[in-house]
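Inside the fold
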Amino acid sequence: MKSGRNFVNLNVNPCKVCMPLGAATAFKGIENSVVIMHGSQGCSTYIRRHMAAHYNEPIDIASSSLNEKGTVYGGANNLKKGLNNIIKLYNPGVVGIITTCLAETIGENLQGIVQEFATEKPEESEDREFITVSTPGYGGSEHEGYYAALKSIVEKITLKKTTTNKKVNIIVGNMTPGDVRRIKNILEDFDIDFIMLPDISDTLDAPFSMQYKKIPAGGTKIKDIQEMSDSCATIEMGMFVGDEISPGKYLEKEFNVPLYKCPLPIGLGNTDIFVNLLSFITVKNTPIKYTKERGRMLDAFVDSHKFNGEARAAIFGDPETVYSTAKACFEAGIFPVLISSGTKAAGIEEMLKSEMQYYFEKHDEKTMIIEDTDFETIYDYIKQLKVNVTIGNSNGKFITEKEGIPLVRIGFPVHDRMGAQRKVSVGYEGSLSFIDEITNSIIERKYSTYRSRMFNKYYEEVPQ
Ligand code: SF4
């Protein structure tokens, strides 16, 4: 496995987005919550812009607007003013206060500032949760920010265990609102009592309404988060989540709630893991609907193998999406010649090799697996490895423009297509639509380049 570029401190076209963006997404899935970023305005603008383009929703993220004075003498006053304004404007139940590179570099004591604010403004602070999360942009990517925020939310809100009930905590990965709705459908079909954290299904994909709501309806209820300690199990989607930022690990350690980890349920094997876990924890049979969907997926693999067998795919993005997508591709006969993550994905090669041993052995050619890399490196390998289909977020679209190689979009951000927020790639049916999209891109490319390839192969140009 390669680990990014050979040059230290040089990242050309990052294949990731920054840590506070992940934290902001997590807070958007909590009922009646708002986010304020402690730092300069540009950070909040960048995140709002990216999220608004991906989700096609208005995205409000406040900023403490640190200026030169605040940077030199400390930004406590800016943050307190910001908190005061945000409370007046939104009257939120939860305020997520997240840091940026600047706030972390000058060593701001976030919790101390929030405590001071609570003492100075007791009325404004009453019946409100202030949750601070350390998210310097250089501390990781959206992946770490997302889980770090979820862990802080659980740490702050979950109450002591009083009993053990039959509820199952579902910590969903950073997926689309459409995906989250599909996961909820599966849980409902199983007739499972669950607590989903976070729940962006409505907050980041709200139905049309004539009246503008400052905080969109939906999200995980505070009461539900308080009771997560009483649940009989936690399923946490995420194979690359360190224990220090894992909400599931925290619930296990503090309240003895058994933790089951699973990958994002993209593809047949990954969906099997999720569905079998539900069945095992609740001692319920898998609904026949899903047995049929699984069978259809297998049937579709047989139908499309003749096209998929021609694929030389490059996959890029966040580690969870990349890992699950790579497994799904192997299963469908789409050979990934390049698997690359823009952030650290410790163990991804070993995990893929042990789980996909059969596929790895079947191919003489080795799959190149790179973590913590950038688009410049990915682009170099795409050319070297003669890739004919790419799978990842919209930031890789320049490869289509330069090389004519199609891009099947998944992950974050998808800002150059409509419907990214509604797209479903999880569960048997969702995964199959996603795989069909890859297959159709392979077919499309094959027929759009067929004549020129044949001409070049069989006809030599006659000299004039
Ligand atoms: S990387 Fe740092 S400076 Fe840039 S947007 Fe993220 S938090 Fe702000």
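Residues numbered from 1 in each chain as written. Predicted model: local features only at pLDDT ≥ 70, side-chain atom pairs only at ≥ 80, totals over all residues. Heavy atoms only, no water.

A closer look at the environment of Phe194
Condition: Helix numbering and strand numbering both begin at the N terminus, where a helix is a DSSP run of H or I of at least 4 residues and a strand a DSSP run of E of at least 2. The contact criterion used is simple: two residues touch if any of their non-hydrogen atoms lie within 4.5 Å.
Mapped onto the elements of the fold, Phe194 is located in strand S6 (residues 194-197). Separated by 24 residues in the primary sequence, Phe194 and Ile170 have C-alpha atoms spaced 6.8 Å apart. Those residues in contact with Phe194 that lie beyond four places of it in its chain are Val168, Ile170, Lys184, Leu187 and Glu188.

Focus: the sheet that holds strand S5 (residues 168-171)
As a reminder of what qualifies: Here the rule is simple: two strands pair whenever DSSP picks up at least two bridges between them. Every angle, taken between N-to-C directions, lies between 0 and 180 degrees, and every axis is a line fitted to C-alpha atoms, over only the stretch in contact when it is a helix.
Here we have 4 strands laid out as an open sheet, ordered S6-S5-S7-S8, and parallel in their pairing. With partners counted over all chains shown, the strands left at the sheet margins are S6 and strand S8 (259-262), one partner each. Averaged over all adjacent pairs, the angle separating strand axes in this sheet is 20°, with direction ignored. By the bridge criterion, 4 bridges tie S5 to strand S7 (residues 233-237) in an arrangement that is parallel. Looking across to S7, one finds that Asn169 is bridged to Thr234. Each of S5, S7 and S8 touches helix H12 (residues 268-282); the most contacted strand, S8, lies at about 165° to it.

What to know about helix H2 (residues 41-55)
Threshold: Multiplying 1.5 Å by the residue count of a helix minus one yields the expected span of that helix. Partly exposed residues are those whose accessible area sits between 20% and 50% of the maximum for their type, while under 20% is buried and over 50% is exposed, using a 1.4 Å probe and protein chains only. Taking the helix axis as origin, the arc is that swept by the directions to the C-beta atoms.
Its 15 residues give H2 an end-to-end C-alpha distance of 21 Å, which sits within 8% of 21 Å, the value for a rise of 1.5 Å per residue. Among all positions of H2, only Ser44, Ile47, His50, Met51, His54 and Tyr55 are buried. Looking down the long axis of H2, one finds its buried residues gathered within 135° of arc, a one-sided arrangement. Along H2, exposed side chains directed more than 90 degrees from the buried face belong to Gln41 and Arg49. Two residues or fewer after H2 comes Asn56, characterised by a positive phi angle close to 55°.

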